[in-house]
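# Geometric and topological summary
The lines below spell out each chain.
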Amino acid sequence: MRWSRYPINTVKETPSEAEVVSHQLMLRAGLIRRLAAGIYTWTPFGLRTLRKVENIIREEMDRAGALEVLMPAVQPAELWQESGRWELYGPELLRLKDRHQRDFVIGPTHEEVITDLARRELKSYRQLPANFYQIQLKFRDEIRPRFGVMRGREFIMKDAYSFHATQESLQEGYDLMRDAYIRMFTRMGLEFRPVKADTGSIGGTASEEFQVLADSGEDAIAVSDGTDNYAANLELAPALPPSTPRPAALASLTKVATPHKRTIEEVAIFLKVTPQQCLKLLLVESTDGGVVALALRGDHELNAIKAQKLPQVAQPLRMASPEAVVAATGCEPGYLGPIGLKCPLYADHAALAAADFICGANEMGHHYIGANWGRDLPEPTRADLRNVVAGDPSPGGNGSLRIRRGIEVGHIFQLGKKYSEAMQASVLDEAGKPVVMFMGCYGIGVTRIVAAAIEQNHDAAGIRWPAPIAPFDVVLVPLNAAKSPKVAELAEALYAQLQQRGFEVLLDDRDARPGVKFADAELIGIPHRIVISDRGIEAGALEYRHRRASENEAWPLSEVIERLAAARSATST
RNA sequence: CGGGAUGUAGCUCAGCCUGGUAGAGCACUACGUUCGGGACGUAGGAGUCGGAGGUUCAAAUCCUCUCAUCCCGACCA
């Protein structure tokens, strides 16, 4: 491509709407342009990278034996009513009516459509296993789209769905996809981790996320520093019970006045203790309309996913209203404690390991000090209720956990029979009996990968694309070509020769000053740069610079193409 | 949906408090000079001041409503 024929401008100033670096650079480099909140146009440069990402995905899916399809973006409501998600999905599902007032949705995902296809086409166990995938636009009406294409409302997703006669076959298909994902993200030059994950609203059993590690990531993940390779979404990582027994009770139970000290922090400062010595009591709504109490150590955070798995806790988890708290305890939040409590009580392992702890007295303006389980109140039901914190032992058995941020670029699920049962997708087995198929589902956020790659690969000057997903392999920068026919000629010759050799070449034939060209080349992040100048021609050498290098190399003119070819095949990033 | 903020030229923003008929830098056009790290000069084009209503002789500026965008939270693969 000739840059002079490319009408989309780079910009020096950072657009005020962009907060994270990938969004800023994508706008500055002219990869995307915003049309509405969470909705973007991909420009030719951006689209080149997007297509490279798609093609890597496509190649690995095909290699794994999956079959590409293309399903409709607009889907009839009947399918969603059949699966039950018409009611369950909520306002994130964009619904619309056609001219006949029939209900449709713009697909946020395609389980219903693919299951419908599968139940029509798959008749026999001999057709299984089967795996269909597509790379397609999705629309989810996110409450708060942000970070550019990282959390857009409209986005491109690769979604695959596999169908199996048995759980064993599903496990094999799942493992195959897991391997394919590792190959893809590795090929894209990303630093990532597969992590154990919650299945969320998609449902099903086993599930792993593929997280690109980046400080700007929206997800917290717990990663083991030991040899067990353990990694899990923070939502899911179990906090192991402490291995040491609870210390003996030394202090006696005493009620103290703590006026206007409601938070753990305020109480701890007031009583000159650490938050670890305090007990936090939270009331949440229960399944029968009442409340359930959850006790945590003062410095720990409630894990909503874990809490709402308790049988008595309403799903989704909701904190009890202030009125409900007063009704249940006779006291406002801030002074709640487990002693004398009438509602059901669950206590986190760490909270139960404490002796002589401090807790609310269920009386306005008062706390207890020197409280002890078993002595001052009955032993409650134990549960894992908290988020793990850095330093906790790894559930994998070797090492301790660190908390890192990640961008979720892929998610694989074993759905089991959730959709196939609801939609009666079955095949005949060897005995001629109908059996409901097992399903797996495997998603990748294609547009999000582009943003994630930039989060991991940039410097002060701009993007540093991993070579496999760069929009071009090489950028040619002729200097002062308008005045120097030799420079112009050589640039044109190289442009033609490199293209012939299969390079994707960007020729910066704009009549711009050198500084502008260098800055733009670095901003858009092309891996290899060749500078063509009178100075170089006289010396019989051209300047080569890799985007990740800080120094130029002088390459003899006659060797430029061969050296570039070598550089291209040598570096994956 | 709750809290906060912002909408003025394509972009980044000033002007608003204290009402008097719209500005800067970047970008763009033309010409000249310049030409190895985002040049300089001269001239120029470009804005329903987000929208509607109100107050006033007069509104970008004050008031009301509304729309949009961004941030925090809740929520969410």
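Residues numbered from 1 in each chain as written. Chains lettered and ligands numbered in written order. Predicted model: local features only at pLDDT ≥ 70, side-chain atom pairs only at ≥ 80, totals over all residues. Heavy atoms only, no water.

## Comments concerning the domain arrangement of chain A
Where interface size is quoted, it is often the accessible area lost as the parts come together. Per the domain assignment, the segments of chain A are domain 1 (19–209 + 407–454), domain 2 (254–383) and domain 3 (472–570). Averaged C-alpha coordinates put domain 1 and domain 3 at centres separated by 40 Å. Tallying the contact residues gives 6 residues for domain 1 and 6 residues for domain 3. Interface area, domain 1 with domain 3, both sides summed: about 600 Å², of which 65% is carbon and sulfur. (Domains from an automatic or database assignment. Contact = heavy atoms within 4.5 Å. Buried area = accessible area lost by both parts, 1.4 Å probe.)

## Here we look at helix α7 (residues 264–271)
Since the α-helix turns once every 3.6 residues, residues separated by three or four places project in the same direction. Within α7 the residues assigned to the buried category are I264, V267 and A268. End-on view of α7: buried residues confined to an arc of 100 degrees, all on one side of the axis. Seen from the buried face of α7, the exposed residues on the opposite side, beyond 90 degrees, are E265 and I269. The inward-facing, buried residues of α7 contact β14 (279–285), β17 (357–360) and β18 (366–371). Just downstream of α7, K272 is the residue with a positive phi angle, here 55 degrees. (Buried < 20%, exposed > 50% of the residue type's maximum accessible area, 1.4 Å probe, protein only. Helix = DSSP H or I, 4+ residues; strand = E, 2+ residues; numbered from the N terminus. Arc of directions from axis to C-beta.)

## What to know about the side chain of S286
As for its placement among the helices and strands, S286 is situated in the loop between β14 and β15 (291–297). Of the polar contacts made by the side chain of S286, one reaches the side chain of D288; its length is 2.4 Å. (Polar contact = N/O pair within 3.5 Å; in protein donor to acceptor, adjacent residues only side chain to side chain.)

## A closer look at the sheet that holds strand β27 (residues 505–507)
Strand order in the open sheet formed by 5 strands is β27-β26-β28-β29-β30, and the pairing between neighbours is mixed. Edge strands, defined here as strands with exactly one partner in the open sheet, are β27 and β30 (553–556). Sheet twist, expressed as the average angle between the axes of neighbouring strands with direction ignored, equals 30 degrees. Where strand β26 (residues 474–478) and β27 come together, 3 bridges link them in parallel fashion. Across the sheet, the residue bridging to V475 is L506, located in β27. Here helix α13 (residues 485–500) sits on the sheet and contacts β26, β27, β28 (528–532) and β29 (541–546); the angle it forms with β26, its principal contact strand, is near 165 degrees. (Pairing = 2+ DSSP bridges. Axes fitted to C-alpha atoms, helices over the stretch in contact; angles between N-to-C directions.)

## Remarks on the packing of aromatic side chains
Taken as a whole, this structure holds 12 aromatic pairs when the rule is applied. On the numbers, 5.7 Å between centres and 80 degrees between planes, the contact of W80 with Y89 is edge-to-face. An aromatic cluster is built from W3, Y6, F45 and F472, whose rings are joined through pairwise contacts. One cation-aromatic arrangement involves R95 over W86; the distance from NZ or CZ to the ring centre is 4.6 Å. Against the face of F503 rests R568, its NZ or CZ located 3.9 Å from the ring centre. (Phe/Tyr/Trp six-rings, centres within 6.5 Å; stacked < 30°, edge-to-face > 60°. Lys NZ or Arg CZ within 6 Å of the ring centre and 35° of its normal.)

## Describing the environment of Y368
In this structure, Y368 sits in strand β18. Overall, Y368 belongs to the buried group, its relative accessible area being 15%. Sequence separation between Y368 and I32 is 336 residues; the distance between their C-alpha atoms is 58 Å. Each residue touching Y368, except ones within four places of it in the same chain, is listed here: L253, T254, K255, I339, F357, I358, C359, G360 and A361.

## A word on the sheet that holds strand β6 (residues 103–106)
Overall, antiparallel pairing links the 3 strands, which are arranged β4-β6-β5 in an open sheet. Whereas interior strands pair on both sides, the edge strands pair on one side only; in this sheet they are β4 (74–76) and β5 (94–97). The sheet shows a mean angle of 35 degrees between the axes of neighbouring strands, direction not considered. Direction of pairing for β4 relative to β6: antiparallel, over a ladder of 3 bridges. Residue pairing across strands places P76 opposite F104, the latter belonging to β6.

## With respect to the environment of D62
Mapped onto the secondary structure, D62 falls in helix α2 (residues 44–63). Residue D62 is classed as partly exposed on the basis of its relative accessible area, which comes to 41%.

## Digging into the nonpolar core
Core analysis: the biggest nonpolar cluster contains 67 residues, and I57, F185 and M188 have the highest contact counts within it. There are two domains that each give this core at least three residues, and those are domain 1 (19–209 + 407–454) and domain 3 (472–570). Look past the residues within four positions of M188 in its chain and what remains in contact with it is V53, I56, I57, I449, P466 and I469. Ranked by size, the runner-up nonpolar core spans 27 residues in total, among them A77, A130, Y161 and Y419. (Core = buried A, V, L, I, M, F, W, Y, C linked by side-chain atoms within 4.5 Å.)

## Some remarks on helix α14 (residues 514–524)
Within α14, the full set of buried residues consists of K517, D520, A521, L523 and I524. Along the axis of α14, the buried positions cluster into a sector of 160 degrees, meaning they face one direction only. Buried residues belonging to α14 abut α1 (21–28), α2, β25 (462–463), β26, β27 and β28. Immediately beyond the C-terminal end of α14, within one or two residues, lies G525, with a positive phi of roughly 80 degrees.

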